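Architecture at a glance
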Amino acid sequence: MNMEKKLLSVAEEGNVGELAKLLNGFGQDEIGTMITNRVMRGKADPVALVRAVLLGSPSDDSEGVQRRFHVYKHCIELLQSNEMHSKMASEMIGILLLEADAFPGSCLAELAAIYIDSIKNGTITNGKSLDLFPKIISALAAQEVIAYGGSEVTGSEYKSHLLNTLCSSRWDSQCVIHLSAMFRDITMTMDELRFVINKLLRMFKDLDMEELPPLVYQLLLLSTKGHKRLVLEGISSFFVEQDKIFMEKENKQQNSEFIEATTNSDQLRQTEGNIILHITFAIKQDQELGREFIKYLKGIQLCSPSQVLAPFNVALALSVGKIHRFEDQTFDFLKTTILKSFKDREKQQDSFWVNEMVPESCIVAELVLQTVKNSVFGWDHVTQGLVQLGFTLMDAFGPKAAFGKTEVVPSAQVTPTQEACNLGASILLDTFRAHEMVRGEILEQILNRVVTKATSPVSHYIDLLANTIKSAPQILLESLPKVRDAFDYLSFLPPKSAEGLLKAVQPLMKISMSLKDSLLLILRKAMFSRQIDSRKIAVSGFLLILQHFKVLGGLSSSQASQSFSSSQVQVDVHARYNPSSNEALCLEILGNLRRCLTQQADVRLILYEGLFGVLCRNTELSQGIVEMMLTQLKRYYEYDQDINPPLNLDPCILQQGDQVYLSEPLAHLLCCAQQCITKVSEIQKKQSETEDEEDAHENSQSDLEDMLESLTRRMSKSEMEDFELDKSADFTLGGSVGVKNNIFAILVLGVYEVLIEYNFNIGDFSSNSFQQITQLFDNHRKLSDVLKEKANAGGKKGKTTGNKTARSLLSIKLVCRMLKSLLSDNVPSHQESLGVLRQNADFTRYIISVALQKIQQITDRGSCDGVEGNETEKLFRYCCSIARVFLRQYTTDVQTPEENKKERGKHVSVMCLEGLASIVQIVCTRYSAKIADFLCALGESDGEELDMEDRIHQHVKNFQRLVMTVLSSDHDDHPAKEIVPLVHIIGSLSKHMKTDGQQFIQLHAWVNRLFTEQAVDDHSTVKVLLMTLFSMTSRIQNTVTLIRDVSQDIHSQLGDIDQEVEVEDKTHFAMVTHRTAAPCILLLVLQQMDKELDNTEWVVGRVKADLQANPEINAGETSPGPTQRENHEKSICTRLGIFITAFHELVQSAIPSGPCVEGMLKTLTKMYGALANMVKYYLTMYNQRSGHMSARFEKLVKLSGTHLTQHVYAMITYIQAAQTGHIQQTGGKKDKKKEASVVTGKARVLKESKFVPNLIFAIEQYERYLIQLSKKSKINLMEHMKLSTSRDFRINTVVLQEALEQQASSSEEENEENSDHEQENQPPPNKQAKVTDTQTSKKGKLGLQGKAKKSKVVDNAAD
C-alpha cells in the first residue's frame, strides 16, 4: 500500500524519471495485482494508478512499452470480466484511449489479436471493452508498416486483413449487438463496410426475436456511412422469409401446438412492429434512406412482385408513407404494383406458356390482407396507412362514369381493375373490424365520397358501407351523427345512389329510433320538393321503410323475408318498438305515398314497382295497398259494360303545346294491381284466421277482381280501332299525334300482357281462361305487327319511329311457368286446356322471345325487369328451370326435326338453343360457384353422385353429340345458327374444367378435329370454332404452332402476291377455305398473334428484370440461375422463330385490302417490337457482363432477315399497287355511287398508309439494336439483313416507267426524242437509271424467291 501511495504521489508531482525508477522495481504481475486490488476494493481509484504507471512508462523505452502493453492487456481483461462499475470503466477506457497512439505497430497488432480471440471465444459479455477496439484499429491503420505473415504490409492493408478475420470468424450471439455498435466507430472503406454489413445481416438468423430491434437500430446507424440499400434489402428479405416460414408452419400446426404457435406469432409481429418504427424514425432523420427504400422496392417490382407486396414490406411502405415527402410516391407505387400484380396473374392464368415460364407465385389479395391481420399487434403506425391505401385503391380503380351516367352496370367478368377496387374495400372492411381508432374516420370518408361524388358512380362505396354496417351495427351507434349529417344531402344525390345509401343504413334504423325519425322528416320534406329526383328518392325511401318495419300479426317470420339477424329483429320488436307503433308508422307512410298518385309518371312508376315488394314483406298492409290501387284504377276504368274500350286512355297523357307526355303508366298500375290481388289470394289460402275485421278488405279485393275479369272480357273483344289505333294511324315521332299514338299503343300492349299474366295465374289450367289468353294475345299481336310495320316503313323513308321491342311487363316467374306448361307439361289433366295455347305457334314463340328478353337483361346487368327481377337467388332458380325446358325442347326437336318445318318465322328450337347458351354464359360468369347446382338442375335426376369435373364432362359430351348431329343433318338453313350457340356452351363450360385432366384434353382434341375435318363455309361457325380452339389451346400448350399451321392454310387459299408463283393447294384444316380465309380467319389469327406477342414481350421483360435484379442477398430463389435463364431464352427464341415462319406465309398471301391489311401491318409492327426487345435483353446482358448470346438467337436473327424482312418490303409494294389499281378502276365511271366508293377507297388507302411508316420505323429500330449488339458481341448479326427500300417517299419504278413510255410514244419525232431528253432534262435520266437499277435488283431478289415452293417454309428454322 505504501508503494502504491508513493507511486501516486510521485505521479502527482510529475517527476517522470523517479516514477520510472520506482516502476522498474516492480514486476509486471505486481503492477497487475495492484490494479486488480484497487478494482476489487471499489472505493480506491484504479484509474489514477493506471495513469501513474503509463506516465512512468515512456513509449520510447522498450521496457516502458512492455509495461504499457501489460497494463493494457490487464485492463482489457478486467473490462471483459465485468468487474468494474460503469463509471470506473468509462474513466478507465478514457485514459486507455488517450495513450493508445503511443504504441508501436507490433503491440497494437497483439492487442487487436487479443480482441479477435475474445470475440472468437465468446468471452465478451459487455460492450465496454470494445470501446477501445476501434481506437486500436485506427491506430493500426495509421501505421506505415506492420509485420504480417512473414512480410510487411501497410497499416490500412493490415486493418483490412483484421476486419476480414473478424467477419469470417464465428460470433457468439451475445456479442453481436456490441460488435455492431463498435463498427460505427471504425473508419472503413466501402468494400469493408459492405463486408461488415453482410456479416451482421447473416447473424439475424442466430439471434432471438427480441434481440433483432437493437441490432437493426445499430445497422441503421451504420448505414449512414454507406450501403443504405444493402441494409434495407437485408432487413426486408429476412423478415419476408420469416413470414413465409411462419405461415407454412402455421398451416401445418396441429391443434395440440396451437398455443405455442400463437406465442411465436405475437413475438414475431411485435418484433416486426418495433423494427418498422426504427426504420421509419431513421428515414425521418435521413431522407436519403427513404429514397433508397423506394428505389429498392421499384427495383424488385418487375421480377418479384410477391416480395414487394409481402406483409412486412407493405407495412413498412405504409409507415414510410406517413412522412409527407414520401406520401405520394409511396401510395402511387403500391397502387400500380397491386394493379400490375392482378394483371400479371390474369396473364398467367390465361396462358399455359406464360405460366410455365413464370409460375404464379402468390395471391396478391391474401398478402395485402395479411398486413391488416398483422397490424392488430400494436402496429398503430401502420393503421392510418391501411385506411389511406384502401381509399386510394377504391378511388383509382372504382367504376367510372360513361357518357355522364352515374349508374354502372356490374359486369359479369371481374377485371384486374375491379379486383384492385375490391381489395381496397376488403382492406377498409378488415381494418374497420380490427381497429377501433379508425372506425369513425373510415365511416366519415365513405359518407363524404357518397355525398360529394355526384357525377361519379358510388356503388362500390355504398357496398362497402353496407358491409361495414352489417359487420357491426351496434358499434356504429357511436357514429350516428355522421350518418344523420349525410341524410341532409340525401335529396341532392342521384336517385340510385340515394336508394343504395338508404338500403345500406337500414340495420341502423332498426336499432336507433332517433335516426329513423330523422330520416322520416327528411323524406317528408323531399316529397314536397320541386325536383323530381328528390320526390323519387322520397318514394324509394318510404317503400324501403315499409318493407323493413314489419307490422306484427301477418305471416310468421319464416314466411316474411327479413334481411336482419334474429337478435336485431328481437331488439326492434321488444326493446324499441311495439306492433302498434310500427303499424301507425306504416299507415302514415302509406298516406304520404298516396300523394305520388298525382305526380309525374316517373314518380308513380317507382311506387307501382315497389308496392308489391312491400306487400310480400309486410302482409298486414295488403288492405291499404289494394284500396290504393283500386282507387287509382277507377279513374281510368269504364264501369258501363257496353262501352269499349273499357279503359279511358286520354287522362293518361299530358299535352303542353306541341309536346305530349305520359302522365300515368297505366299498364304498370294494372300490373301492380294484378300482382297484389294474386298475392293476397295466396296469403288468404295459407292463413286460417277468423274474418272478423276483413269485410272492408274483402270488398276492395272483390271489386278489384271483378274489375280485372271485366277488363279481360272486354279487352279481348276490343279492336285496335276502339283505341283509335289502326294501320292508317300516324306513328311517327315527328308530331304530337304520332307521339300520342305511340304512347297509347305501348299502354295497350302492356295492358294485354298484364291481363294475360293475371288469367294464367288465376285460371288454374282451365280451358276458358286459356281461350281468353289466346284472344288477348291475338289482339296484342295485331297491334304489335302494326307497330313493327310502321317502324320498318319509317326506317325506309329515313324517319325511324324509334319502336324497338318494348320491354315486356310479364314477370320472369310467369314466363318460367308458361314455358314449362307449353313445352314440358305432361300432366294428363292439363293437356286439353294447354292444347288451346299450343295450337297457336305464335304464342309459344312470343313467350320464348320474352324469356330471351329477360335473359338478355340478366346478361347485361345481372337483373331483369318486373317482380323478383333483383333477387339473385330466385333469378338463379328461374334460369335453371328455363334452361332445363329449353334443353329438353331443343333435344326433342333435333331428334324429330320434320315437325318443325311447318313453323313459320324463327325456328323455336333455335330460339331455345340461343336462350340456353345465354343462360349457361350467365351461370358461368355470375353464378360460377353454383355451376354444379345448375348442371344438376339441367340434367335428369338419375341419382348419380358425380363431382363437378365429371358432371361438366357429362354435359359437354351431350352437347358434342348435338353438334355432330346438326353437322350430319341435311338441312342447309339451320346448322350454322345451331352450331354457334352449341359451341358457345361447350366453350363456357370448358373454362371450368381442370386443364390437366384427361377430359379437357379429349375435348380439346375434339374441337381440333372438328376444325380439321369439317368443311363449313359459314363465317360465324368458323369464327366461334377457331376462337374456342385458340382459347383451349392456350390453356394447355403453346399456341404458336397452331397459328403457324393456320397461316400456311391461309396462304394456300388466298394465293401468292406474285401471281407467277403457284402455291400448293393443301391445308391442315378443312374449315380454312377461300371464302373463310380472309377476312374471317385471318383477322382472328392476327388478333391471337397480337395477344401472344404481348405475352412474349411480358416474359422478355420479366426475364430482363430478373437479370437486372441485385442477387446479393437471398436472391437465389427469386432470380433464375444461368441454366433456367438459358432455358427461358431458348423457349422465347423458339417461339419467335415460329412466329416468323407464320408471318413468312401471311406476308406472301394475297390478302384483300381493308381491315386485313390494317391488322397485318399493326401485328407486323408489334412483331418487330418483340424482336427489338429480345435484342435489348442481350444488350443488357453484355452491359452487365453476365452472359453471352445463344446460338439459337443467332439463328433467329438470320431467320428474320431471310424469311421475314425482305418479304415485308415486297408485301408493302403489293399493297400499295393494289390500292392504286383499285382507285383507278373505281374512278373510271362518272357515277354517284362510283364517286362515293372512290372517296371511301381513298380514305381507306390514307388510313392504311399511316401504318406503313410505323412498320418501317420498327424494322429500322430492330436493325439499329442489332448493329449495337454486333459491336458488343463481336458477331456480325447484320449479315443476312438487307437495307430497306420501302419508304413513304419511294419512287414507284413501274408507274414512272409507264409514264416515260407514254411520253415517248406521244412525241412526233421518235428518233430525236432521246437526245432532246438528255439535253433538256439531264437529271431525270440519272434518277431513272438509279431507280431502274433498284428495280432490277429487287426483281432479282423476288425472282429468286418465286422459284422456291412457298408453302414449304422451314418449320424447323427455330430449332
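Look above for the structure.
A brief structural summary. (Residues numbered from 1 in each chain as written. Predicted model: local features only at pLDDT ≥ 70, side-chain atom pairs only at ≥ 80, totals over all residues. Heavy atoms only, no water.)

Looking at unusual backbone geometry
The condition is simple: Secondary structure elements follow DSSP: runs of H or I no shorter than four residues count as helices, runs of E no shorter than two count as strands, and numbering proceeds from the N terminus.
Backbone torsion omega between Asn644 and Pro645 reads 0°, so that peptide bond is classified as cis. Note that Pro645 resides in the loop between α33 (622–633) and β3 (653–656). Between Ala1078 and Pro1079 the backbone carries a cis peptide bond, its omega angle lying at 0°. Following the sequence through the fold, Pro1079 ends up in helix α49 (residues 1074–1108). Positioned with a positive phi, Lys1274 is a non-glycine residue whose angle comes to about 65°. Here Lys1274 is to be found in the loop between α54 (1251–1273) and α55 (1293–1305).

Side note on the nonpolar core
The condition that has to hold: As used here, the term nonpolar core means buried Ala, Val, Leu, Ile, Met, Phe, Trp, Tyr and Cys residues forming a set that is joined through side-chain atoms within 4.5 Å. For every residue, the accessible area (1.4 Å probe, protein chains only) is compared with the maximum for its type, and the residue is labelled buried under 20%, exposed over 50%, or partly exposed between those bounds. Any pair of residues with heavy atoms lying within 4.5 Å of one another is described as a contacting pair.
With 281 residues, the main nonpolar core has Leu593, Phe886 and Phe1193 as its most contacted residues. Among the elements that line this core, the one with the most residues is helix α51 (residues 1155–1184), at 17 residues. Once residues lying within four places of it in the same chain are set aside, the contact partners of Phe886 are Leu819, Ile848, Ala851, Leu852, Ile855, Cys912, Gly915, Leu916 and Ile919. Counting residues in each nonpolar core, the second largest holds 136 residues, with Ile76, Val216, Leu232 and Leu268 among its members.

So, helix α3 (residues 28–41)
So the rule is basically this: Expected span of a helix, by definition, is 1.5 Å for each gap between consecutive residues, and there is one gap fewer than residues.
For α3, spanning 14 residues, the distance from its first C-alpha to its last is 20 Å, which sits close to the expected 20 Å at 1.5 Å a residue. The set of residues buried in α3 consists of Ile31, Gly32, Met34, Ile35, Thr36, Arg38 and Val39.

Some thoughts on empty space enclosed by the protein
Put simply, the test is: Lining residues are defined by having an atom within 4 Å of a point belonging to a cavity or pocket. Those points lie on a 1 Å grid over the protein atoms alone, cavities being sets where a 1.4 Å probe fits but cannot get out and pockets being open sets with protein on both sides within 12 Å along at least five of seven lines. Grid points are joined across faces, edges and corners, and a volume is the space filled by probe spheres set on the points. Under this grouping Gly is polar, as are all residues other than the nonpolar Ala, Val, Leu, Ile, Met, Phe, Trp, Tyr, Cys and Pro and the charged Asp, Glu, Lys and Arg.
Inspection of the entire model under this criterion finds 3 cavities of 30 Å³ or more. Volume-wise, the largest cavity comes out at about 100 Å³. Taken together, Pro305, Ser341, Asp344, Arg345, Gln348, Pro359, Glu360, Ser361, Cys362, Val364 and Arg1102 form the lining of the largest cavity. For the lining of the largest cavity, the leading source of residues is helix α18 (residues 324–350), giving 4 residues. Considering only residue class, the lining of the largest cavity consists of 4 nonpolar, 3 polar and 4 charged. Computed from the structure, the second largest cavity encloses a volume of approximately 60 Å³. Looking at the second largest cavity, the residues that line it are Ser718, Glu719, Met720, Phe723, Leu725, Val748, Tyr752, Asn779, Lys782 and Leu783. Counting residues per element, the ones that place at least two in the lining of the second largest cavity are α36 (736–763) and α37 (767–796).

Nothing here speaks to function; it is geometry throughout.
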